[in-house]
Amino acid sequence: HAQQAFIENATRDPLRVATTALVAVSADLRREMASLAADDLPVTVLWSDRDGVIPMSAFDTFCSTFGAEGQVVRDGHSWLLASPDAFGDVLENMIHVRAAEHRAEATVATTTTLRELLAETSLTAPAISRLMSGVAPLWLLSAPATVLAADLTLCHPRPQGNELRAAVQPVGAKGTHRVTVVAGDRAGLLADTIAILTGEGLSVASASVMTWPEMALALHAVTVHAAAPVPQRVWDTIGERLQAAHRGEPVADSPAAPEFAPADRTE
């Protein structure tokens, strides 16, 4: 199709086609390239192996300027017009790669920030190393570093026996709280936590989990919403029920009609 279009255009207006080809071959884009490189913008360099207009040397120049490996596709000069689906696939793949790179960079930055924040607490250097060596990348991306650091401080010293620690703090929009539970890891710990929170009329929006198998330690952070302010005595009741459930004791049923209802939300 591209070859047919070229023949039709060349037959209709050969001078304009020749002028356009000359501009494409002789264009000096060094200034534009230098500006993009100086701004450190993400650049993807694509070239087709049967391109009769743009030489391989131009592809190499672009790659070296931007420090990119570049990508070669099998087609002619107008491949992105003749094969739009292939062009879309290439761009989609490159976007996924860029997104993965950004997530990896964010994880490294969060790890560094977390270590710096924890160094200002009473946690010892060995304790920080033990906790940080076991954290998962997805957990690191689940909340701001300051929030994650506050969660990790609940892990030291390590809970003993049936000890369970819980903390709640307001986050984000009004009526939104983060409930963090730290205890010895066991089957059903997260399920018990969520059941108790929803039993008190709270709406669960999300949950993040981190475990350290070598220490038999678990950290669960649950984000909850309420349509009205939650009384302190309700938080106290939640804490008592969490403790009882973790000790394996019977947990009293929650009130049939909580004083506040979960917020109506569309996720």
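Refer to the structure above for everything that follows.
Residues numbered from 1 in each chain as written. Predicted model: local features only at pLDDT ≥ 70, side-chain atom pairs only at ≥ 80, totals over all residues. Heavy atoms only, no water.

**Some details on the nonpolar core**
And then number 1: One finds Leu114, Trp139, Leu152, Trp212 and Leu219 to be the most contacted residues of the largest nonpolar core, which totals 22 residues.
And then number 2: Sorting the residues of this core by element identifies α6 (84-119), α7 (125-133), α8 (137-140), α9 (145-153), β5 (203-212) and β6 (217-225) as the ones contributing at least two each.
And then number 3: No other element matches the four residues that α9 contributes to this core.
And then number 4: If near-sequence neighbours (up to four positions away) are discounted, Trp212 is found in contact with Arg130, Leu131, Gly134, Val135, Leu152, Cys155, Leu217 and Leu219. (Core = buried A, V, L, I, M, F, W, Y, C linked by side-chain atoms within 4.5 Å. Buried < 20%, exposed > 50% of the residue type's maximum accessible area, 1.4 Å probe, protein only. Helix = DSSP H or I, 4+ residues; strand = E, 2+ residues; numbered from the N terminus. Contact = heavy atoms within 4.5 Å.)

**What about the side chain of Asp51?**
And then number 1: Residue position: Asp51 is located in the loop between β1 (46-48) and α4 (56-66).
And then number 2: No salt bridge is formed by the buried Asp51. Its closest oppositely charged neighbour is Arg50, at 10 Å. (Lys, Arg positive; Asp, Glu negative; His and termini not counted. Salt bridge = Lys/Arg side-chain N within 4 Å of Asp/Glu carboxyl O.)

**As for helix α10 (residues 189-199)**
And then number 1: Buried within α10 are the following residues: Leu189, Thr193, Ile196 and Leu197. Angular distribution of buried residues about the axis of α10 spans 100 degrees; they occupy a single face of the element.
And then number 2: Where α10 is buried, its residues contact β3 (164-170), β4 (176-184), β6 and α11 (232-246).
And then number 3: Phi turns positive one or two residues past the end of α10, at Gly201, with a value near 90 degrees. (Arc of directions from axis to C-beta.)

**Considerations on the packing of α10 against α11**
And then number 1: In the contact formed by α10 and α11, the axes pass within 10 Å of each other and the chain directions differ by 150 degrees. When the interaxial angle is binned, α10 and α11 end up roughly antiparallel. Here α10 and α11 pass one another in a crossing that is right-handed. Taken together, the residues of α11 that come into contact with α10 (itself represented by Leu189, Asp192, Thr193, Ile196 and Leu197) are Ile238, Arg241, Leu242, Ala245 and His246.
And then number 2: Of the residues in the contact of α10 with α11, the class split is six nonpolar, two polar and two charged. (Axes fitted to C-alpha atoms, helices over the stretch in contact; angles between N-to-C directions. Parallel < 35°, antiparallel > 145°, perpendicular 65-115°, else oblique. Left-handed = near helix turned anticlockwise from the far one by under 90°. Nonpolar A, V, L, I, M, F, W, Y, C, P; charged D, E, K, R; others polar.)

**What to know about the pattern of salt bridges**
Note that side chains of opposite charge can pair when their charged atoms are close.
And then number 1: Counting across every chain of the model gives six salt bridges.
And then number 2: Of the charged contacts in the structure, one is a salt bridge between Asp151 and Arg178, with a shortest N-O distance of 2.8 Å. Note that Asp151 is positioned in helix α9 and Arg178 in strand β4, a separation of 27 residues in sequence. For the pair Asp151 and Arg178, one class covers both residues: buried.
And then number 3: In this structure, Arg241 and Glu200 form a salt bridge, with 3.3 Å as the shortest nitrogen-oxygen distance. With a gap of 41 residues between them, Arg241 in helix α11 and Glu200 in the loop between α10 and β5 connect regions that are remote in the sequence.
And then number 4: Using a relative accessible area of 6% as the deciding quantity, one classes Glu200 as buried.

**Examining the sheet that holds β6**
The strands that make up a sheet pair up through hydrogen bonds in the backbone, lying either parallel or antiparallel.
And then number 1: Taken in spatial order, the four strands make up an open sheet running β3-β4-β6-β5, and their pairing is antiparallel. Among the strands making up the open sheet, the edge pair consists of β3 and β5. On average, each strand axis in the sheet is tilted by 15 degrees relative to the strand beside it, whichever way the strands run.
And then number 2: In this sheet, β6 lies alongside β4 in antiparallel orientation, the contact comprising nine bridges. Looking at the pairing, Val179 lines up with Val222 of β6.
And then number 3: On top of the sheet, α9 reaches β3, β4, β5 and β6; it is set at about 35 degrees to β4, its chief contact.
And then number 4: Most of the contacts of α10 go to β6, to which it runs at about 25 degrees, and overall it touches β3, β4, β5 and β6. (Pairing = 2+ DSSP bridges.)

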